[in-house]
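# Summary of structural features
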Amino acid sequence: MQQSEIYSKLTEVFHDVFDDPSIVIGPETTAADVSAWDSLNYINLMIAVMAEFNIKFQTSDLEQIHNVGAMVDAIEKKLAAQGQ
Amino acid sequence: MNKPLSIYPKRIFDWEAQNAFATFSGDLNPMHMDAVAARRTQAGQPVVHGMHALLWALDTLAQQQVLLHPPAQIKVRLQKLIYVGDELALEIMRRDDAAIAIQLSVQGTVVITITISFGEIKAAAAPIKPCEAIPSPFWPKQPLELSLEQMHSMHGCLSFAQSPDTAASLFPSAVTVIGAHRVAGIACLSRLVGMVCPGLHSIYTGLTLQSVEPHTEQDFICYQVTNAYELFRKVRQTVEGAGWIGVVESFARIPPVSQLTVQEVTHYVLPDEFKQTSALIIGGSRGLGELTAKLIAAGGGTVAITYAVGRTEALQIQEQILQSGGRCEILQYDATKPAAEQLDNLSITPSSLYYFATNPIFLRKTSLYAPLVFEKFYRIYVDAFFEACMTIKSASNTALSAFYPSSVAVQDRPSDMTEYAMAKSAGEVLCADMARFLKDFRVVVERLPRMLTDQTTSLVPIETVAPVDVMLPIVRRMESRS
């Protein structure tokens, strides 16, 4: 899956989890840029991401995800490992 | 920040209210009712039932004639904990014919958001008939302690703890508008999460309920777990009954962290390697203090451990150490109070002090920097440490080694830990000058990594280091006296 497609799907996930269709995400987007992004919504976000892309993260994966760019990279790696 | 449309009289959720709701709902989870048990949870102290806050909000809105009809849907998000004694404020943020958006806050921090939507109430569903798949209503007297695997298959029916008629005395206006059964049903959802599933180690995070016409002859709700996510320990379950159909969301908290037993610790230390040690361990009744006490005792040393409120835990540790042939006394010690009078009863003359006194580290805050929060940390991590050291030194002529546990948070500084990092940093400076200017005094300061203790468990999983791998080298450095 191309990164552009990942970003497209991820944007929909953000819109749904944060209930805000105006959110625009980019590689540098962090929790500080999204007002409703707290620890609870972070968990909801990661659950929704795993469901959307049919992947599973481990604790060690989460430690590496500090912004949306890192999240997209992590998704890409998981998909590649599945042969997608 | 959006300004509220309306603000209503606040409410203090005191122990009288807490006990009344616990009795009505049947949710007696220790996180709500037991200060000693609650201190070993992420909350650090007893918390108000989220459903109590929700019902108070509905009652207030009904009383103020804002809520005039049963809602078609209620969506609730429990964002932060409410502590017993907190004063809760209710603000309407948005209101139109279709919905009302509400915030409940404590000292300006939003703790719960509620969205009430209006519309058609669904017709009554068929009464729920107990059958093989749905066990008869039962009464949990103690919270269940379930594994995540067990939660996957949880389903059943849960009775109201009291007759719905009791609701009128607690939430009279809400009963008038939405009915006693619906009020009792919401209270029963607190019992579901706190006593059944996830049960003992639970934290409520949200729910979405649609109204249906209630079957008032049925005093129970039915539930079924649909998801139990391993990574985040998040549990989702559907519920039905008492005029509601919906989804309840919660987390299965990580249970209080157990440290290695004395028996297990003997595999790490030589039998006599600490035989010259006489150690006072402030905060030795749990966590790193408990582990340190066991390491020293297993290595032949004498220990005195202190507890603030956890006397039962301190006695258990003492018993373990004594049964293994070690020496251990226990002492009640509150680091917020003067050291001298508390250490008067100490029978040992400490050669080492291990200082693990602490406040709850992760607190609810309203701003980047909170002076009162800093003051509390400073009292424990700076003033009380100095007092303890000077009290011990003045009571004897022997040399003293002290361990001061600082934290990697001083340099890494996660969000919401500014005051904690400041206080620990000040403690480091104090230690450096104590070592420079005090005679016969040595201090070991270590910025400890994040380890799994009661203080550091979180909903978001993080990698941690095994406490024994961190503490044993420190204890050896402390006791080498070179």
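It should be emphasised that the depicted structure is a prediction, and the values quoted were computed from it without experimental measurement. (Residues numbered from 1 in each chain as written. Chains lettered and ligands numbered in written order. Predicted model: local features only at pLDDT ≥ 70, side-chain atom pairs only at ≥ 80, totals over all residues.)

### Remarks on the overall build of chain A
Of the regular secondary structure elements, chain A holds four helices and zero strands. The order of α-helices and β-strands along chain A, N terminus first, is α-α-α-α. Its C-alpha radius of gyration of 12 Å places chain A within 12% of the 12 Å reference for a compact globule of 84 residues. A principal-axis box enclosing the C-alpha atoms of chain A has dimensions of 35 × 25 × 20 Å. Sequence separation of at least 24 residues holds for 57% of the intrachain contacts in chain A that already meet a minimum separation of 6. (Helix = DSSP H or I, 4+ residues; strand = E, 2+ residues; numbered from the N terminus. Rg over C-alpha atoms; globule rule 2.2 N^0.38 Å. Contact = placed C-beta atoms within 7 Å.)

### Observations concerning the confidence of the model for chain A
Mean pLDDT for chain A: 89, with 100% of residues reaching 70 or above. Taking the mean pLDDT of every element in chain A, the minimum, 84, falls on helix α3 (residues 59-64) of chain A and the maximum, 93, on helix α4 (residues 68-81) of chain A. (pLDDT = per-residue confidence, 0-100.)

### Overview of the sheet that holds strand β7 (residues 202-211) of chain B
All names here are of chain B. Pairing is antiparallel across the open sheet formed by ten strands, whose spatial order is β1-β3-β4-β5-β2-β7-β10-β9-β8-β6. Edge positions in the sheet fall to β1 (6-12) and β6 (155-159), since each has one partner strand and no second. Averaged over all pairs of adjacent strands, the angle between strand axes in this sheet comes to 20°, irrespective of strand direction. Note: strand β2 (residues 73-78) against strand β5 (residues 109-117), six bridges, orientation antiparallel. Each residue of the ladder has a partner; that of arginine 77, found in β5, is threonine 113. Sitting on the sheet, helix α4 (residues 50-63) touches β1, β2, β3 (87-95), β4 (99-106), β5 and β7, and the angle it makes with β5 is about 55°. (Pairing = 2+ DSSP bridges. Axes fitted to C-alpha atoms, helices over the stretch in contact; angles between N-to-C directions.)

### Structural notes on the interface of chain A and chain B
Listed per partner, the contact involves eleven residues of chain A and eleven residues of chain B. Elements that contribute at least two residues to the side of chain A that touches chain B include exactly α2 (39-53) and α3 of chain A. Among the elements that make up the side of chain A that touches chain B, the one with the highest residue count is α2(A) (five residues). Each residue belonging to the side of chain A that touches chain B can be placed in one class, and the counts come to six nonpolar, three polar and two charged. (Nonpolar A, V, L, I, M, F, W, Y, C, P; charged D, E, K, R; others polar.)

### Examining the nonpolar core
Residues and elements named next belong to chain B. One finds Leu55, Ala57, Val183, Leu189, Leu192 and Ile221 to be the most contacted residues of the largest nonpolar core, which totals 74 residues. Here this core takes eleven residues from helix α8 (residues 180-196), the largest share from any one element. Setting aside residues no more than four positions away along its own chain, valine 183 makes contact with Leu55, Ala167, Phe171, Ala174, Val175 and Ile178. With 55 residues, the next largest nonpolar core counts Leu353, Leu400, Ala402 and Val468 among its residues. (Core = buried A, V, L, I, M, F, W, Y, C linked by C-beta atoms within 7 Å. Buried ≥ 20, exposed ≤ 12 C-beta atoms within 10 Å, placed from the backbone.)

### Describing the pairing of β5(B)
Residues and elements named next belong to chain B. Looking at chain direction, β4 and β5 are connected through eight bridges and run antiparallel. If you follow leucine 104 over to β5, its bridge partner there is isoleucine 112. Hairpin connection of β4 to β5: two residues between the antiparallel strands, including glutamine 107 at a positive phi of 50°.

### What to know about the domain arrangement of chain B
Residues and elements named next belong to chain B. Annotation of chain B at the domain level lists domain 1 (6-252) and domain 2 (262-480). Placing a centre on the C-alpha atoms of domain 1 and another on those of domain 2 gives a separation of 39 Å. With 14 residues of domain 1 in contact, the opposing surface of domain 2 contributes ten residues. (Domains from an automatic or database assignment.)

### Section: the sheet that holds strand β14 (residues 352-355) of chain B
All names here are of chain B. Spatially, six strands are ordered β13-β12-β11-β14-β15-β16 in an open sheet, and the strand pairing comes out parallel. Strands with a single pairing partner mark the edges of an open sheet, and in this sheet they are β13 (327-332) and β16 (441-448). Neighbour to neighbour, the strand axes of the sheet diverge by 20° on average, direction disregarded. Two strands pair when backbone bridges link them, and strand β11 (residues 278-282) and β14 are joined in this way by four bridges, in the parallel orientation. Note that in β14 the partner of leucine 280 across the bridge is leucine 353. Sheet strands in contact with helix α10 (residues 287-298) are β11, β12 (302-307), β13, β14 and β15 (400-407), and its direction is about 165° off that of β12.

### What to know about the environment of B:Trp139
Residues and elements named next belong to chain B. For tryptophan 139, the location among the structural elements is in the loop between β5 and α5 (148-152). C-beta crowding within 10 Å serves as the criterion here: with 10 such atoms nearby, tryptophan 139 is assigned to the exposed category. Taking the C-alpha atoms as reference points, tryptophan 139 and valine 196, 57 residues apart in sequence, are found 9.7 Å from one another.

### A short note on unusual backbone geometry
Keep in mind that most residues, glycine aside, have a negative phi and that most peptide bonds are trans. Residues and elements named next belong to chain B. A cis amide bond links cysteine 197 to the next residue, proline 198, at an omega of 0°. Located in the positive-phi region is glutamine 65, a residue other than glycine, with phi close to 60°. Here glutamine 65 shows up in the loop between α4 and β2. Assessed through the 9 C-beta atoms surrounding it within 10 Å, glutamine 65 is described here as exposed.

### Examining the pairing of β2(B)
All names here are of chain B. When you tally the buried positions in β2, you get five out of six residues, the bulk of the element. Bridge count between β2 and β7: five bridges; the pairing is antiparallel. Residue glutamine 73 lies in a different strand from β7, and its bridge partner there is glutamine 210.

### Things to note about the environment of B:Ala174
Residues and elements named next belong to chain B. Looking at the secondary structure, you find alanine 174 in helix α7 (residues 172-178). Among the residues examined, alanine 174 registers 26 C-beta atoms within 10 Å and is labelled buried. Counting along the chain gives 114 residues from alanine 174 to threonine 60, while the straight-line C-alpha distance between them is 7.7 Å. If sequence neighbours within four positions are ignored, alanine 174 has contacts with Leu55, Leu58, Asp59, Ala62 and Val183.

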